[in-house]
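Commentary on secondary and tertiary structure
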Amino acid sequence: MYGLAMGKRILILGGGVGGVVAAKRLSERLKGRVDVEITLVSDTDYYLLPPLLVNIALGDLDPQQAQLPLSMLTRRGVKVVKASVTKIDPDNRVVETTQGKFQYDYLIASLGTEFDFKTYNLAAGLHNYTIDGALKLKEALSKFTGGRVVVFTPEPIYRCGVYPFEIAGQLDAIFRKRGIRDKVEITLIHPFSRPIEPLGPEAVKITEEYYAERGIRYIGSARPVEVDEKGKVVVLTSEKVPYDLLIVVPPSRLPKPFEGTQLVQEYPNGRWTGINVYTGRSIKYDDVYLPGEHSMPSVGLPTAGVPVHFTALASANVIAGELLGEPVDPAQITSMTCAMDYGELGMVFNCDVKLDLKNNKANWVGNCYSVLTSPIGKIIKDLFYKTWLKTTM
C-alpha cells in the first residue's frame, strides 16, 4: 500500500494534459511550504501532446518530437509511477493499479476518454488518435495514389472538435503537392448540419467556401449505421458512401476505472464524471477533483486540451489554497483560443467562456469570433502547440 507518509497525500491519475499541468502547479505552489507527497500515476512513461499526432500522421514530426518523459516531473518533487488504474474507490480513498494500491487525501483524476472503435465498426478505418494509429495512417497515405477518401465522424463528442474539419483540408493540400488531387475525392461525414457549427456562422461560412473552392464534399446531419468493411462503404441512414481510404474519428466514452462509482452521472449527452464547473471538484466527493476530458461534456465544455488545462489549474489552485490556508481564485477558463490548419488556410478563433455557476455550465457556443484568417494562422498553430509542449514540465 502506497501513501502512508505523514504529510498530505495528493494522488494524480493520468500523465496527459490535466495530470501534468496539475502536478506542475501543485509543486510550484506547495514545494517547501507544506509537508506534502505528490504522486502521479500514468500508464505510459511519457507525456504526449495529442494535437501533434496529426503532424506524425502527415509526416511532419517523428513521435519523439511530440512527447516528453514524465520523469522530468521528479525534479519538481513529484513521484512518477508507471501503472494502469484498475479501480477507483472514493468512499475509502483508495485507488487500485497494476502496481498496487494507493491511498490519498486529495485525488486528481484526469484519464482522458476511451476511444470507441467498436460501435459502427470503426476499427475498419485508420486514425491518428494514438502513436501507433498515426504511424499506420502515415504509411497508408504514403502509398495512396488516388481514389475516394472519406473522413467519418459518427458522433458529436470526440477529442478535439475541429480535427475532422482540419484533416479534410490538410489532405487536400497534401494531394495537391503530390500532384494527384485530380485523382482523389475527399468527403467529410459529420453529425453537424453545417461544418464547424459550434464556432458560429463566420467559421461556417469560411469553411463552406473553402471546401467548395477545394472540391471537398461535406455530408452533414449524418445518421450513422456502420462501416461495411467488406463492401468498403460507410452506411448512413440516408445513403452509402464508398471509400478507398477511410479515416475515422472515434466517439469519446467514459474511462473504465470510473465505472461503478458515484463519480459518474447521467447527462443528456452521455455518462460522464460530474464536476463543479468553477473548480473541477467532484459534485459528490469534496476530496476528489476530475479535470479530465471525461468531465468536460458534463459542464458544456469540449473534450479538448485547452479546457482540460484550465480546469486542472483551477483544481490544483483550490487544493493548494486549502493546504496553505490561503483564499484563492481558481482562475477557471474565461476564453478558448482555437488555432486551425486547413492545409493552405489558417484560422484563429476565440470563444468567450461565461461560467453559469447557478446551472453549473460553461457557455461558449455563440460567443466565438475570428481573430485571424490567413496562412499565418497555420504558423501560429504550429508555434502554439510546440511551445505548449516545451513549457508543460
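As a starting point, this report considers the structure included with it. This one's a predicted model, so the numbers in the text were calculated from it and none came from an experiment. (Residues numbered from 1 in each chain as written. Predicted model: local features only at pLDDT ≥ 70, side-chain atom pairs only at ≥ 80, totals over all residues. Heavy atoms only, no water.)

A look at the sheet that holds strand E8 (residues 100–103)
Pairing within the open sheet is antiparallel, and its three strands lie in the order E6-E7-E8. Sheet topology places strand E6 (85–89) and E8 at the edges, where each strand pairs with a single neighbour. For this sheet the average axis-to-axis angle between neighbouring strands, irrespective of direction, equals 20°. The sheet contact formed by strand E7 (residues 94–97) and E8 spans four bridges and is antiparallel. Pairing of threonine 97 across the sheet is with glycine 100, part of E8. (Pairing = 2+ DSSP bridges. Helix = DSSP H or I, 4+ residues; strand = E, 2+ residues; numbered from the N terminus. Axes fitted to C-alpha atoms, helices over the stretch in contact; angles between N-to-C directions.)

As for the sheet that holds strand E22 (residues 335–341)
Taken in spatial order, the three strands make up an open sheet running E22-E23-E26, and their pairing is antiparallel. Unpaired on one side and paired on the other, E22 and strand E26 (368–373) mark the two borders of the sheet. Here the strands of the sheet are splayed against their neighbours by 20° on average, with no regard to which way each runs. The pairing of strand E23 (residues 346–352) with E26 spans five bridges and is antiparallel. Across the sheet, residue phenylalanine 349 finds its bridge partner in E26, namely serine 370.

Describing helix H3 (residues 131–143)
Taking 1.5 Å as the rise per residue, H3 with 13 residues should run 18 Å; its terminal C-alpha atoms sit 19 Å apart, in good agreement. When we look at burial in H3, the residues that qualify are Ile131, Gly133, Ala134, Leu137, Ala140 and Leu141. For H3, the secondary structure elements touched by its buried residues are strand E3 (46–48), helix H2 (53–57), strand E4 (67–69), helix H4 (163–177) and strand E17 (245–248). (Expected span 1.5 Å × (residues − 1). Buried < 20%, exposed > 50% of the residue type's maximum accessible area, 1.4 Å probe, protein only. Contact = heavy atoms within 4.5 Å.)

Comments concerning the packing of H4 against helix H5 (residues 201–214)
Across the interface, H4 lies against H5 with an axial gap of 11 Å and an inter-helix angle of 30°. Looking at the two axes, H4 sits roughly parallel to H5. By crossing handedness, the relation of H4 to H5 is classed as left-handed. Here H4 contributes Pro164, Phe165, Ala168, Asp172 and Arg176 to the contact with H5, which in turn contributes Tyr211, Glu213 and Arg214. In the contact of H4 with H5, the residues fall into four nonpolar, no polar and four charged. (Parallel < 35°, antiparallel > 145°, perpendicular 65-115°, else oblique. Left-handed = near helix turned anticlockwise from the far one by under 90°. Nonpolar A, V, L, I, M, F, W, Y, C, P; charged D, E, K, R; others polar.)

Some words on unusual backbone geometry
The phi angle at isoleucine 196 is positive, at roughly 55°, despite the residue not being glycine. Here isoleucine 196 shows up in the loop between strand E12 (184–189) and H5. One non-glycine residue, serine 221, lies in positive phi territory at about 55°. Checked against the element boundaries, serine 221 lands in the loop between strand E13 (216–219) and strand E14 (224–228). We classify serine 221 as partly exposed; its relative accessible area is 43%.

Here's the deal with the nonpolar core
Within the largest apolar cluster, 113 residues are counted, with the highest numbers of intra-cluster contacts made by Leu26, Leu171 and Leu199. Counting residues per element, this core draws most heavily on helix H6 (residues 305–324), which supplies ten residues. Counting residues in each nonpolar core, the second largest holds 15 residues, with Tyr120, Leu122, Ile189 and Tyr243 among its members. (Core = buried A, V, L, I, M, F, W, Y, C linked by side-chain atoms within 4.5 Å.)

Focus on the state of the cysteines
Summed over all chains, the structure comprises one disulfide. Paired by a disulfide, cysteine 351 and cysteine 368 hold their sulfur atoms 2.1 Å apart. Judged by the torsion about the S-S bond (110°), the cysteine 351/cysteine 368 disulfide is right-handed. Of this pair, cysteine 351 sits in strand E23 while cysteine 368 sits in strand E26, and the two are 17 residues apart along the sequence. Of the two residues examined, cysteine 351 and cysteine 368, each falls in the buried class. The closest cysteine sulfur to the non-disulfide-bonded cysteine 338 is located on cysteine 160, 6.8 Å from its own sulfur. Owing to a relative accessible area of 18%, cysteine 338 belongs among the buried residues under this scheme. (Disulfide = S-S within 2.5 Å.)

Observations regarding the packing of aromatic side chains
Enumeration over the complete set of coordinates arrives at ten aromatic pairs. Note on phenylalanine 115 and tyrosine 129: the rings are 5.2 Å apart at their centroids and 70° apart in plane angle, and the pair reads as edge-to-face. Here phenylalanine 115, found in strand E10 (residues 114–115), pairs with tyrosine 129, found in the loop between E10 and H3; they are 14 residues apart in sequence, far enough to count as distant. Geometrically, the ring pair formed by tyrosine 129 and tyrosine 163 is edge-to-face, given 5.7 Å between the ring centres and 90° between the ring planes. Residue tyrosine 129 is found in the loop between E10 and H3, and its partner tyrosine 163 is found in helix H4; the two are separated by 34 residues along the sequence. Using a relative accessible area of 6% as the deciding quantity, one classes tyrosine 163 as buried. Ring pairing ties together the aromatic residues Phe115, Tyr129 and Tyr163, which thus form one cluster. (Phe/Tyr/Trp six-rings, centres within 6.5 Å; stacked < 30°, edge-to-face > 60°.)

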